[in-house]
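# Structure at a glance
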Amino acid sequence: MPKLSPKSDQYFFGTWEKQVGEHIQKGEVLFEVESEKVISEVPSEVTGVVAEQRVDEGATVKAGEVVGVVTVQMIERR
Amino acid sequence: MLYLPTTSNDATKLFALEYWLAQQDYPSTVFLLWSTRPTIMLGKYQDALAEVNLAFAERQKLQVTRRYSGGGTIYTDPGCFQYSFIAPATTAKIDFTQFSARICQALQQMGLPVQQSSRNDLTFQGRKFSGNAQYHRFGHVIHHGSLLFDTDVKTMATALHVDNLKLRSKHIASVHQRVINLKTGLPTMMAAEFRARLLASIKQTADEVTPLTLTPTQWRAVDGIQQAIFANDKFIYQSTPLTEITKKRYFPGGGLVKLSLTVKHGVLTAFRLNGDFFSDVDVARLSQGLVGQRFRPATVQAQLTALLAATPIVNISAADLTALCFS
């Protein structure tokens, strides 16, 4: 969970925009949170597959907390 | 800055307009100044059942809407002005100051000694008259706020007062504060004059103001967003996954009534009625008749009226029970 608000480290976890097993491109929205009256979309920092959602929608999360896992697919070059 | 004049007093249309504008690539910030008919605006992740006296809202024909931005529930009417800034987002970090400072400056230019509070609200004589909220989408920041000028604060208080004995749901709760109308400081000014002077003052805070108009095709695209999202019952009433509520009221001559309800995505999934009232009503049958119905005052009252027709409750009507469910 990146720190988005200068005033608060707590976020209301709104919606998962990608579900477990779905492919996600770097920059695509992974989830949405609310803090300090602002709704923010949080994009994926990598291209891969959503492997885990560790928090439920409606939960309170803190900046720095791991909320999910995206598995990066390695392409082997020969 | 681009200024787009609007004439609609339907908040769902203006929310759609903001959303559409965020998908365009205008060279600078777009500004809107608008007002609504009597309207309740929920924040995106709020529970209507926890925030709105829906029985009162329906009786008074208040329009219930939901924003895409965060924060608490507000009441707006023709005595209240809304403003919107739609600006390209330069960072994902949250920043209110560039927008609220501009409104603060515009009002100070009008001679009103207003101040910004630590919660990004604006205050006058130490009380809040303006709150604001944001959402970030399509590479833009959509920042909007409200300004109380001559709002009916009595209706506001009743519409936003919910009398839950117990409520359990995952939602953003509103923070209730004492508010003040700006007309207190401008007693001889009418709303139309305030709006004109405010608009002129806000324009003075920008280097340059260019008028913006939309084509009929563009307005049709806005209408499409309005119907698909902001005027859609599903978005307004069915966003909350699960709400469990307990209500209790003593009816003089009727007795004590206690209701325990469960609502999932706007549909009643459990209804339990007990108390010391007098009736031959089959409570289990009553519950069966209500479960599965949309949890809205008109629907519930129609069902209760039919179900209680043969076995009424002494001195407690279907309308009384409906009002208790939604008060």
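An unreviewed UniProt entry lists chain B under the name lipoate--protein ligase, from Limosilactobacillus ingluviei DSM 15946.

As annotated in an unreviewed UniProt entry, chain A carries the name Lipoyl-binding domain-containing protein and is attributed to Limosilactobacillus ingluviei DSM 15946.

Here the focus is the domain arrangement of chain B. Residues and elements named next belong to chain B. Segmenting chain B into domains produces domain 1 (2-237) and domain 2 (243-326). Averaged C-alpha coordinates put domain 1 and domain 2 at centres separated by 35 Å. Linking domain 1 with domain 2 are 3 salt bridges, by the criterion used here. Here Arg168 makes a salt bridge to Glu244, at a shortest N to O gap of 2.4 Å. Joining domain 1 to domain 2, the criterion identifies 9 residue pairs in polar contact (both at pLDDT 80 or more). A class-by-class count of the residues in the side of domain 1 that touches domain 2 yields 8 nonpolar, 3 polar and 6 charged.

The next thing to look at is the interface of chain A and chain B. On the side of chain B, 24 residues touch chain A, which itself brings 20 residues to the contact. Between chain A and chain B, roughly 1800 Å² of surface is buried when both sides are summed, and carbon and sulfur atoms account for 51% of that area. When the buried surface of chain A facing chain B is broken down by residue, Phe12, Lys37 and Ile39 of chain A rank first, second and third, together holding 36% of it. The tally of links between chain A and chain B comes to 4 salt bridges. The salt bridge partner of Lys44 of chain B is Glu32 of chain A, with a shortest N-O separation of 2.7 Å. At the level of secondary structure, the elements contributing two or more residues to the side of chain A that touches chain B comprise strand E1 (10-16), strand E3 (29-35) and strand E4 (38-43) of chain A.

Rules used throughout
Residues numbered from 1 in each chain as written. Chains lettered and ligands numbered in written order. Predicted model: local features only at pLDDT ≥ 70, side-chain atom pairs only at ≥ 80, totals over all residues. Heavy atoms only, no water. Domains from an automatic or database assignment. Salt bridge = Lys/Arg side-chain N within 4 Å of Asp/Glu carboxyl O. Polar contact = N/O pair within 3.5 Å; in protein donor to acceptor, adjacent residues only side chain to side chain. Nonpolar A, V, L, I, M, F, W, Y, C, P; charged D, E, K, R; others polar. Contact = heavy atoms within 4.5 Å. Buried area = accessible area lost by both parts, 1.4 Å probe. Helix = DSSP H or I, 4+ residues; strand = E, 2+ residues; numbered from the N terminus.

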